[in-house]
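Take a look at the letters that make up each chain.
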Amino acid sequence: MTSSSSAHPTRRDFLYIATGAAGAAGAALALVPLVAQMNPDASTVAAGAPVEVDLSPIAEGQIIKVFWRSKPIFIFHRTAKEIEEAKNVDWQSLPDPEPDAERVKKDHEQWLVLIGICTHLGCIPLAHEGNYHGWLCPCHGSQYDTSGRIRQGPAPKNLYLPPYQFVSDTKIRIG
Amino acid sequence: MNGHSTYQPQSAFMKWLERRLPIAGLMYSSFVAYPTPRNLNYWWTFGGILSVMLGIQIVTGVVLAMHYTPHVDFAFNSVQSIMRDVNYGWLLRFVHANGASMFFLAAYIHLFRGMYYGSYKEPREVLWILGVILLLLMIATGFMGYVLPWGQMSFWAATVITNLFSAIPLVGETIVTWLWGGFAVGNPTLQRFYSLHYLLPFVIAGVVVLHIWALHVAGQNNPAGIEPKSEKDTVPFTPYATIKDAFFLVCFFILYAWFVFYIPDYLGHADNYIPANPAVTPTHIVPEWYYLPFYAILRAIPNKLLGVMALGASIVILAFMPWLDTSPVRSARYRPIYRQCFWLFVASCIGLGYLGSQEPVGGYVIAARILTLYYFAFFVVILPLLGIFEKTKPLPNSIAESVLKEGVPIGASAPPPASASR
């Protein structure tokens with residue numbers, strides 16, 4: 001392949017670069033559907049729509065589990081004693097400092113709505129277990145209190161909150 | 001490709017690698033420096049096109065397999081889910097389905113090129129036979145792929161084609177039951193077809209490697225059908241053949257994209273959008289277009305076993321061309337009678353394809369029998385006799401001479417620039 005001996009780029013150079021650029025752009029564009037098809041498809045996204053939960057059948061002290069976006073959600077109807085325990089802690093000294101007030105909705109502090117996945121490695125903690133009257137994760141021994149905060153064990157963070165709203169006093173919509 | 005590559009690694013890393021696994025040198029000598037006849041025309045681009053199509057089918061197939069469910073209760077709906085729910089699923093499905101058609105189109109053109117220019121002749125017999133094996137693998141893969149959506153055509157195509165084996169005397173029925181995994185086409189059949197449909201393209205890829213290896217041992221044929229005699233007759237594969245291949249690939253893609261984006265269901269059959277019903281056979285059952293000529297040959301013979309044998313023979317006979325054709329001249333350019341017979345052969349294949357799509361009644365049956373007769377006569381009568389009786393045209397002295405005249409390409413309007421010496 002002879003190259004031009006002069007200093008100017010030749011027509012051949014232009015054609016090579018233009019073809020190469022067009023080919024690279026085409027290859028990049030061709031990659032888009034191949035990668036995008038692995039993202040959740042329309043039916044999975046539709047199945048992840050918000051769920052409404054009726055709170056009236058849940059007795060005081062009872063914890064129920066529902067699923068939202070394939071994740072377990074704990075809904076805890078706390079007794080007055082459990083709410084007291086959650087508030088009367090020096091929350092700033094906890095492993096993941098957070099006051100109880102920030103983990104419940106205003107005027108609905110008896111309702112605790114949490115994503116029931118241990119923040120350590122993803123097991124589902126057991127309810128009404130452990131030294132803090134909250135949850136105990138059987139996999140590696142993390143213990144959570146009545147506000148779902150990590151108190152003891154390897155988990156780094158408190159149990160996460162899902163997005164939710166009170167539709168009425170007895171019904172919430174998660175998601 | 002004989003001896004060591006002329007590749008000279010520049011960087012320290014490449015020198016290190018080349019001493020341990022000379023793959024860069026292999027790629028260089030096979031696809032960069034490889035001496036290619038300078039007179040190749042665009043019919044020679046279809047080998048590269050076929051390789052790209054295989055890659056496309058494998059990539060889109062693997063990706064579709066992430067969303068498909070190979071069970072009779074779920075298969076049809078999983079394909080619909082791909083079309084409706086999966087991101088770009090419609091695109092991937094249409095690229096894969098139309099890709100199969102384009103794969104066969106390119107394969108048939110590639111095959112006809114070989115027939116016209118005598119690429120099957122000595123020393124390329126094994127190359128040619130590997131090609132016939134590739135065609136058989138493609139036919140099997142395409143058939144099994146078509147069954148997977150589990151539409152009406154999928155199911156009944158599976159039933160008809162597997163029933164072909166019942167024509168075999170004594171063991172036919174046993175073989176068919178074994179293929180089905182049951183008393184009729186059903187879930188075991190679908191699941192094993194899925195497994196084999198995933199497997200065979202990789203077998204095809206392996207045979208393609210052998211095919212290219214065999215090609216590189218003999219060197220490419222060329223439109224004049226005479227071997228390169230000196231360096232003047234060849235040019236390096238890169239950039240000449242590479243760019244020519246890339247250009248025509250793009251043209252081919254335009255046709256492919258036309259189908260995928262404007263008429264994606266044109267080559268398919270509407271009945272395959274009806275879920276499979278084992279109780280009802282569609283009134284007009286036809287295979288996809290690329291099987292129609294063989295379908296016509298099968299139906300042209302009124303006897304069950306002979307019809308099946310004719311179907312098999314129509315493909316296998318291709319493998320014998322190097323020995324059926326007795327002419328010492330390779331390229332049809334210099335064989336005026338053979339050229340006419342060849343084009344009649346192409347026309348008869350197209351005619352058989354059309355007849356395969358029609359109902360086997362009246363005039364269609366007679367026409368199919370005539371064309372089938374010509375199809376086989378071409379191989380067993382015309383090819384052997386032409387070698388003896390045909391008066392061929394004189395061959396050029398060399399490839400360079402056939403395309404250049406005093407260093408200028410024949411037909412060029414302007415004298416070459418001063419630096420052009422190759």
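Residues numbered from 1 in each chain as written. Chains lettered and ligands numbered in written order. Predicted model: local features only at pLDDT ≥ 70, side-chain atom pairs only at ≥ 80, totals over all residues.

Assigned domains within chain A: domain 1 (1–39) and domain 2 (46–174). Look at where the C-alpha atoms of domain 1 of chain A and domain 2 of chain A centre, and you get two points 55 Å apart. (Domains from an automatic or database assignment.)

A residue-level look at chain B finds 95% of positions with pLDDT of 70 or above and a mean pLDDT of 94. The ipTM for the predicted assembly is 0.82, set against a pTM of 0.89. (pLDDT = per-residue confidence, 0-100.)

To continue, consider unusual backbone geometry. Between Glu 122 of chain B and Pro 123 of chain B the backbone carries a cis peptide bond, its omega angle lying at 0°. Tracing the sequence through the fold places Pro 123 of chain B in the loop between α5 (89–117) and α6 (125–147). The omega angle of the peptide bond from Thr 238 of chain B to Pro 239 of chain B is 10°, so this bond is cis rather than trans. Among the secondary structure elements, Pro 239 of chain B is positioned in helix α10 (residues 237–262). Despite not being glycine, His 133 of chain A shows a phi value in the positive range, around 60°. (Helix = DSSP H or I, 4+ residues; strand = E, 2+ residues; numbered from the N terminus.)

Each partner contributes residues to the interface: chain B has 14 residues there, and chain A has 11 residues. Those elements that place two or more of their residues in the side of chain B that touches chain A are α3 (46–65), α4 (75–84) and α5 of chain B. With 3 residues, α5 of chain B is the largest single contributor of residues to the side of chain B that touches chain A. The residue inventory of the side of chain B that touches chain A, partitioned by class, reads 8 nonpolar, 4 polar and 2 charged. (Contact = placed C-beta atoms within 7 Å. Nonpolar A, V, L, I, M, F, W, Y, C, P; charged D, E, K, R; others polar.)

On to the domain arrangement of chain B, then. Residues and elements named next belong to chain B. Domain assignment breaks chain B into domain 1 (31–285) and domain 2 (287–390). Centre-to-centre, using C-alpha coordinates, domain 1 lies 21 Å away from domain 2. On the side of domain 2, 21 residues touch domain 1, which itself brings 26 residues to the contact. Every element with two or more residues in the side of domain 1 that touches domain 2 is listed here: α5 and α6. Among the elements that take part in the side of domain 1 that touches domain 2, α6 stands out by supplying 8 residues, more than any other.

Attention now goes to the nonpolar core. All names here are of chain B. Of all hydrophobic cores here, the largest spans 76 residues; its most connected members are Phe 103, Ala 106, Val 147, Ala 296, Ile 297 and Leu 352. The element that contributes the greatest number of residues to this core is α5, accounting for 14 residues. Both domains that furnish three or more residues to this core are identified here as domain 1 (31–285) and domain 2 (287–390). With near-sequence residues (within four places) excluded, Val 147 lies in contact with Ser 154, Ala 157, Ala 158, Leu 190 and Phe 193. (Core = buried A, V, L, I, M, F, W, Y, C linked by C-beta atoms within 7 Å. Buried ≥ 20, exposed ≤ 12 C-beta atoms within 10 Å, placed from the backbone.)

Attention now goes to the pairing of strand β6 (residues 133–136) of chain A. Residue and element names in this part refer to chain A. Here 2 bridges tie strand β5 (residues 126–127) to β6, and the two strands are oriented antiparallel to one another. Note that in β6 the partner of Leu 126 across the bridge is Leu 136. Where β6 and strand β7 (residues 143–145) come together, 3 bridges link them in antiparallel fashion. Directly across from Trp 135, in β7, lies its bridge partner Tyr 144. Counting the residues between successive antiparallel strands, the hairpin from β6 to β7 contains 6 residues, one of them, Gly 141, with a positive phi of roughly 85°. (Pairing = 2+ DSSP bridges.)

Residue and element names in this part refer to chain B. Within the fold, Arg 113 resides in helix α5. By the C-beta count within 10 Å, which is 19 here, Arg 113 ends up partly exposed. For Arg 113, the residues in contact, after removing those within four places along its chain, are Trp 43 and Phe 46.

With that settled, the discussion passes to the environment of Tyr 144 of chain A. Residues and elements named next belong to chain A. For Tyr 144, the location among the structural elements is in strand β7. A count of 28 C-beta atoms within 10 Å places Tyr 144 in the buried class. A sequence separation of 11 residues divides Tyr 144 from His 133, and the C-alpha atoms of the two residues are 7.8 Å apart. Once residues within four sequence positions are removed from consideration, Tyr 144 is found in contact with Pro 125, Tyr 132, Gly 134, Trp 135, Arg 149, Ile 150, Arg 151 and Leu 159.

All names here are of chain A. The 3 strands lie next to each other as β1-β10-β9, forming an open sheet whose pairing is antiparallel. Only two strands of the sheet have a single partner each, and these edge strands are β1 (51–54) and β9 (164–168). The sheet shows a mean angle of 30° between the axes of neighbouring strands, taken without regard to direction. For β1 and strand β10 (residues 171–174), the ladder comprises 4 bridges, and the chain directions are antiparallel. Across the sheet, Asp 54 pairs through a bridge with Lys 171, a residue of β10. (Axes fitted to C-alpha atoms, helices over the stretch in contact; angles between N-to-C directions.)

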